[in-house]
Amino acid sequence: MEMKFVPLNAVHEKLGAKMVPFAGYNMPVRYSSDIEEHMTVRNGAGVFDVSHMGEFTIKGPHALDLIQRVTSNDASKLVDGQAQYSCLPNETGGIVDDLIVYKVKDNDYLLVVNASNIEKDWNWISKFNNKGAEMKNISDDICLFAVQGPKAVGVLQRLTSTDLSAIKYYHFAAGELAGIPNVILSNTGYTGAGGFEVYVNKTNAEKVWQAIFDAGKDEGIKPIGLGARDTLRLEMGFCLYGNDIDDTTSPLEGGLGWITKFTKVFTNSTNIQNQKETGVSRKLVGFKMIDKGIPRHDYPIKDSAGKVIGKVTSGTQSPMLGIGIGLGYVTTANSAVGTEIFIDIRNKALKAIVSKTPLIS
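Remember, it's a predicted structure, so these values are computed and weren't measured experimentally.

Here we look at the pattern of salt bridges
Working step 1: Per the counting criterion, the structure on display carries 15 salt bridges.
Working step 2: Taking the shortest distance from any N to any O, the salt bridge between Lys-103 and Asp-106 comes out at 2.7 Å.
Working step 3: By sharing partners, the salt bridges in this structure join Asp-80, Lys-103 and Asp-106 into a single network.

Observations regarding the nonpolar core
Working step 1: In terms of nonpolar packing, the biggest core is built from 35 residues, with Phe-48, Tyr-102, Tyr-199 and Ile-245 touching the most fellow members.
Working step 2: Counting residues per element, the ones that place at least two in this core are β6 (82–89), β7 (95–105), β8 (108–113), β10 (142–148), α7 (226–236) and β18 (324–331).
Working step 3: Filtering out sequence-adjacent residues up to four positions away, Tyr-199 remains in contact with Glu-55, Tyr-102, Val-112, Ile-142, Cys-143, Leu-144, Val-183, Ile-184 and Ser-186.
Working step 4: With 32 residues, the next largest nonpolar core counts Cys-143, Leu-164, Ile-167 and Val-183 among its residues.

Quick look at the layout of surface pockets
Working step 1: Considering only enclosed or pocket space, the second largest pocket measures out at about 430 Å³ in volume.
Working step 2: In terms of lining, the second largest pocket is formed by 20 residues, of which the most central are Ile-138, Ile-142, Asn-182, Ile-184 and Tyr-199.
Working step 3: With five residues, the top contributor of residues to the lining of the second largest pocket is strand β12 (residues 180–186).
Working step 4: Taken together, the residues that form the lining of the second largest pocket break down as twelve nonpolar, five polar and three charged.

Some details on the confidence of the model for the chain
Working step 1: Residues of the chain with pLDDT of at least 70 account for 100%, and the chain-wide mean is 98.
Working step 2: At the low end of the mean pLDDT range in the chain sits helix α8 (residues 269–278), at 97; at the high end sits β8, at 99.

Some remarks on the sheet that holds β8
Working step 1: Taken in spatial order, the five strands make up an open sheet running β6-β7-β8-β5-β9, and their pairing is antiparallel. The open sheet has two edge strands, β6 and β9 (134–137), and neither has a second partner. Strand-to-strand twist of the sheet, defined as the mean angle between neighbouring strand axes without regard to direction, takes the value 25°.
Working step 2: The pairing of β7 with β8 spans six bridges and is antiparallel. The partner of Leu-99 across the bridge, within β8, is Val-113.

Quick word on the sheet that holds strand β20 (residues 348–355)
Working step 1: Taken together, six strands build a closed barrel; the order of strands is β15-β18-β17-β16-β19-β20 and the barrel is antiparallel. Neighbour to neighbour, the strand axes of the sheet diverge by 45° on average, direction disregarded.
Working step 2: Two strands pair when backbone bridges link them, and strand β15 (residues 282–289) and β20 are joined in this way by four bridges, in the antiparallel orientation. Looking across to β20, one finds that Lys-288 is bridged to Ile-353.

Structural notes on the packing of aromatic side chains
Working step 1: The full count for this structure, using the stated rule, is ten aromatic pairs.
Working step 2: Geometrically, the ring pair formed by Phe-145 and Trp-209 is edge-to-face, given 5.3 Å between the ring centres and 65° between the ring planes. Taken together, the residues span a long stretch of sequence, with Phe-145 in strand β10 and Trp-209 in helix α6 (residues 205–215) at a distance of 64 residues.
Working step 3: With 5.1 Å between their ring centres and 80° between their planes, Tyr-169 and Tyr-170 make a pair best called edge-to-face.
Working step 4: For Tyr-169, a relative accessible area of 53% translates into the label exposed.
Working step 5: Using a relative accessible area of 18% as the deciding quantity, one classes Tyr-170 as buried.
Working step 6: Here the guanidinium or amino end of Arg-282 rests over the ring plane of Tyr-329, the centre of that ring lying 4.6 Å away.

A short note on the pairing of β12
Working step 1: Within β12, five of the seven residues are buried, leaving the element largely enclosed by the surrounding structure.
Working step 2: Note that strand β11 (residues 172–177) and β12 share five bridges and pair antiparallel. Opposite Ala-174, over in β12, you have Ile-184 as the bridge partner.
Working step 3: Linking two consecutive strands that pair antiparallel, namely β11 and β12, is a turn of two residues; a positive phi of about 55° is found at Ala-178 within it.
Working step 4: Examined bridge by bridge, β12 and strand β13 (residues 195–201) share three bridges and lie antiparallel to one another. Paired with Ile-184 across the strands is Tyr-199, a residue of β13.

Some words on helix α2 (residues 34–43)
Working step 1: When we look at burial in α2, the residues that qualify are Glu-37, His-38, Thr-40, Val-41 and Arg-42.
Working step 2: Next to the buried residues of α2 lie β3 (25–30), β4 (46–49), β10, β14 (222–223) and α7.

What to know about the environment of Asp-34
Working step 1: The residue Asp-34 is located in helix α2 in this model.
Working step 2: As a C-alpha pair, Asp-34 and Asp-230 span 196 residues in sequence and 9.4 Å in three-dimensional space.
Working step 3: When residues no more than four places from it in sequence are discounted, the contact partners of Asp-34 are Val-29, Gly-227 and Ala-228.

Reading the values: rules and limits
- Residues numbered from 1 in each chain as written.
- Predicted model: local features only at pLDDT ≥ 70, side-chain atom pairs only at ≥ 80, totals over all residues.
- Heavy atoms only, no water.
- Salt bridge = Lys/Arg side-chain N within 4 Å of Asp/Glu carboxyl O.
- Core = buried A, V, L, I, M, F, W, Y, C linked by side-chain atoms within 4.5 Å.
- Buried < 20%, exposed > 50% of the residue type's maximum accessible area, 1.4 Å probe, protein only.
- Helix = DSSP H or I, 4+ residues; strand = E, 2+ residues; numbered from the N terminus.
- Contact = heavy atoms within 4.5 Å.
- 1 Å grid on protein atoms, 1.4 Å probe; cavity = no way out; pocket = protein on both sides within 12 Å on 5 of 7 lines; lining within 4 Å.
- Points joined across faces, edges and corners; volume = space filled by probe spheres on them.
- Nonpolar A, V, L, I, M, F, W, Y, C, P; charged D, E, K, R; others polar.
- pLDDT = per-residue confidence, 0-100.
- Pairing = 2+ DSSP bridges.
- Axes fitted to C-alpha atoms, helices over the stretch in contact; angles between N-to-C directions.
- Phe/Tyr/Trp six-rings, centres within 6.5 Å; stacked < 30°, edge-to-face > 60°.
- Lys NZ or Arg CZ within 6 Å of the ring centre and 35° of its normal.

Pasting the structure below:
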């Protein structure tokens, strides 16, 4: 597959970023060190260029009907300027992708999907568009900057007359930013550190990027790579598609029952509802290491008798806690918070404990 480039690729290279292939794109994985960038976001402000993400608009009188048909959450509850985390269930019990649905106004929605699934999601949603909702893939035209951290809102506020403090979590507004009109300012993010996600047309992207860094100079704002993005989301216990949820994991197994609403009919909703009533045999849990060790993807998880009860889906050393943390599937009998489990690291069974998310709370 031919490598794709985000519009500010040259900017990241000039900043000295280490570039790696990710989801088909050439992406900055780090600029300095993962730990330094992680702590910058937790304590100050950092900017991620996540313009590889996909954006679809769905408009017209049949827009909501289509969204309701393909997503697990109830988009009819959205008010103008509200966003909703959701997923696209498949027909065999798994998940096509997780996504965010933005309601701009009646008959006008924006869907934000994972970069690796843009074509897959487009084809999947299109398959159910039998009433003629107006769909448009605007992924190549939109740049997305995640400005995250406790100082992020203050930095952005210098660039806009929109009152950011009035935009509640998982709400958004379109306003002027750095002199550019119609920028979407969304109180969302993948770090748990607070901040906004900024959607801007690629023609204005470099101007907005530079303005954010100029505005945040005194706060020590820095560009942040995908390495720290992963450790930040893991500390919060946020799922990563392809690791923690995929085509084979049901929303209920993946801990996404809270975005699975049976107030409507959606893809495979009857089977998922049956699964809710009968119970699942495995669950995605967060855990913290008791013994010293770093859990990694696919490491076996065992019980105290040495029996394999699951596997790690994501793991890392937490910069905030200084210990190994992770997510993984275990049998339901071993999924309660406080349960002792063992991670098989280099043929040693190292003790861990099932923990509530966020893992740093």
